[in-house]
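# Understanding the architecture of this molecule
Letter by letter, the chains look like this.
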Amino acid sequence: MTTPPPMSLLAELTHRCPLQCPYCSNPLRLDTRAAELDTATWCRVMDEAAIMGVLQVHFSGGEPMARSDLPDLVRHAAGVGLYSNLITSGVLLNPASLAALADAGLDHIQLSFQDALPDPGDRVANMTGAHAKKLEAARLIVAEGIPLTLNFVVHRQNAERVPAMLLLAEQLGARRVEIAHTQYYGWGLLNRDALLPDRAQLALTEQAVAEARTRLAGRMTIDFVTPDYYAEEPKPCMGGWGQRFMNVSPTGRVLPCHAAESIPNVEFPSVAETSLADIWENAPLFTMFRGTDWMPEPCRSCSAQTQDWGGCRCQALALAGKAGAADPVCHKAPDHGIVERAIAARPETPPAFRYRRYGSA
């Protein structure tokens, strides 16, 4: 293998989820339960990942706990030496299901929250009682001794509560917290006007994170993800397209990132047809934006080309209409005006959410 192996495998076990968050990272066209990979195939995928040199598997969804075979998959990951992380909403977690996961060897849990308060959190999730279930899940996880990360997705309708989010993470005993502004593709792009903060709100979230990092230094790690639209330079897409991560969808499509299915006129390789190693090394989907040879100007002559790797391909497609374009969030990009116009057109009153539902997009 001439390309260094990926560090992580994102295993999207299912698109089923009790929540209907309007910024969900899943594609607008959701895969059905009947089309999901079976247990044996997922185990084979993990075998191949371990042989390649992958270090981590992240069990995601949808809601991965909707899969009754999740403990079996965690146990298999442990058996082949993969560090396992469960990315969950927590609403299906209870003492018995958590004990089964702990006994199987689960290494870490990332628990998502929609807000620091129950009513706005339940409104975003479109599920009554979701916030209370998450609080109980966090307490169970800490009591079990499994390392816990909390993830809060931030947007214009909850940005003022970032200090309360950080306080809640501290009170619940999280070792790490992510304050992550919504990223605008898929469902997030569909709901952009309802979610995009203004610059003043962004500044408040930045200040809250900076203050908490000082106060909690050495006790809790705080990650902060800014909204791309207010960044002068783009973020590296998954650490560089086809360089660090592999994503396997519920039906077995293998992707460089979870949003790559939005790219038209490309062939999506499948674990049903070839091995992970062959896909990583040779599939056109993985090689088309790997490295720097594909880059247009101004990326091609930019000194940051091996730092941001040209930005997000799916965002370039969503905004500029071409996956090979310079990411429009970059202030040097020819299409940067699209981002500026989107910010300027942000309505004063946020519209109603278009919730994540099968067939609703």
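Residues numbered from 1 in each chain as written. Predicted model: local features only at pLDDT ≥ 70, side-chain atom pairs only at ≥ 80, totals over all residues. Heavy atoms only, no water.

## Regarding the overall build of the protein
When its secondary structure is counted, the protein shows 14 helices and 9 strands. Relative to a compact globule of 361 residues, whose C-alpha radius of gyration would be 21 Å, the protein shows 20 Å and is just as compact. Projecting the C-alpha coordinates of the protein onto the three principal axes gives extents of approximately 55 × 45 × 45 Å. Across the 361 residues in the protein, those meeting the buried criterion constitute 56%. At a minimum sequence separation of 6, the contacts of the protein that also span at least 24 residues come to 73%. (Helix = DSSP H or I, 4+ residues; strand = E, 2+ residues; numbered from the N terminus. Rg over C-alpha atoms; globule rule 2.2 N^0.38 Å. Buried < 20%, exposed > 50% of the residue type's maximum accessible area, 1.4 Å probe, protein only. Contact = heavy atoms within 4.5 Å.)

## Overview of the nonpolar core
F59 and L150 are the most contacted members of the largest nonpolar core, which has 84 residues in total. Look past the residues within four positions of L150 in its chain and what remains in contact with it is L111, F113, A169, L172, A174, R176, V177 and E178. Among the nonpolar cores identified, the runner-up in size contains 23 residues, and C21, V91, Y184 and Y229 belong to it. (Core = buried A, V, L, I, M, F, W, Y, C linked by side-chain atoms within 4.5 Å.)

## Quick word on the packing of helix α2 (residues 70–79) against helix α3 (residues 95–104)
As a packed pair, α2 and α3 sit with axes 8 Å apart at the nearest point and diverge in direction by 20°. When the interaxial angle is binned, α2 and α3 end up roughly parallel. Relative to α3, the crossing made by α2 is right-handed. Of α3, the residues touching α2 (which contributes L70, P71, V74, R75 and A78) are A100, L101 and A104. Tallied by class, the residues present in the contact of α2 with α3 amount to 7 nonpolar, no polar and 1 charged. (Axes fitted to C-alpha atoms, helices over the stretch in contact; angles between N-to-C directions. Parallel < 35°, antiparallel > 145°, perpendicular 65-115°, else oblique. Left-handed = near helix turned anticlockwise from the far one by under 90°. Nonpolar A, V, L, I, M, F, W, Y, C, P; charged D, E, K, R; others polar.)

## With respect to the packing of aromatic side chains
Within the structure shown, the criterion is met by 6 aromatic pairs. Ring geometry for Y184 against Y229: centres 5.3 Å apart, planes inclined by 65°, an arrangement best described as edge-to-face. Within this pair, whereas Y184 is found in the loop between β6 (176–181) and α7 (187–190), its partner Y229 is found in the loop between β7 (221–225) and β8 (245–248), the two being separated by 45 residues in sequence. Taking the relative accessible area as the measure of exposure, Y184 reaches 1% and is therefore buried. Among the residues examined, Y229 registers a relative accessible area of 2% and is labelled buried. Between W241 and F289, the ring centres sit 5.4 Å apart and the planes meet at 85°, which makes this aromatic pair edge-to-face. A residue pair is termed long-range when its members are at least 10 positions apart, and W241 in the loop between β7 and β8 and F289 in the loop between α11 (284–287) and α12 (305–308) qualify at 48 residues. Each member of the pair W241 and F289 is classed as buried. Here the aromatic residues W241, F289 and W294 are joined through ring pairs into a cluster of three or more. The lysine or arginine in question, K134, covers the ring of F113, its NZ or CZ lying 5.9 Å from the ring centre. Sitting over the face of the ring of F289, R313 holds its NZ or CZ atom 5.8 Å from the ring centroid. (Phe/Tyr/Trp six-rings, centres within 6.5 Å; stacked < 30°, edge-to-face > 60°. Lys NZ or Arg CZ within 6 Å of the ring centre and 35° of its normal.)

## Side note on the side chain of Q183
Assignment of secondary structure puts Q183 in the loop between β6 and α7. A polar side-chain atom of Q183 sits 3.3 Å from a polar atom in the side chain of K235. Ignoring anything within four residues of it in the chain, the contact list for Q183 reads G188, V225, T226, P227, D228 and K235. (Polar contact = N/O pair within 3.5 Å; in protein donor to acceptor, adjacent residues only side chain to side chain.)

## Things to note about empty space enclosed by the protein
Counted by the stated rule, this structure contains 1 cavity of 30 Å³ or more. Roughly 100 Å³ of volume is contained in the largest cavity. Forming the walls of the largest cavity are 13 residues, and the residues nearest its centre are P298, C299, C302, D308 and C330. (1 Å grid on protein atoms, 1.4 Å probe; cavity = no way out; pocket = protein on both sides within 12 Å on 5 of 7 lines; lining within 4 Å. Points joined across faces, edges and corners; volume = space filled by probe spheres on them.)

## Some words on helix α5 (residues 130–144)
Helix length check: α5, at 15 residues, gives a terminal C-alpha distance of 21 Å against a target of 21 Å (1.5 Å per residue), a fit within 8%. When α5 is considered as a whole, its buried residues turn out to be A130, H131, K134, L135, A137, A138, L140 and I141. (Expected span 1.5 Å × (residues − 1).)

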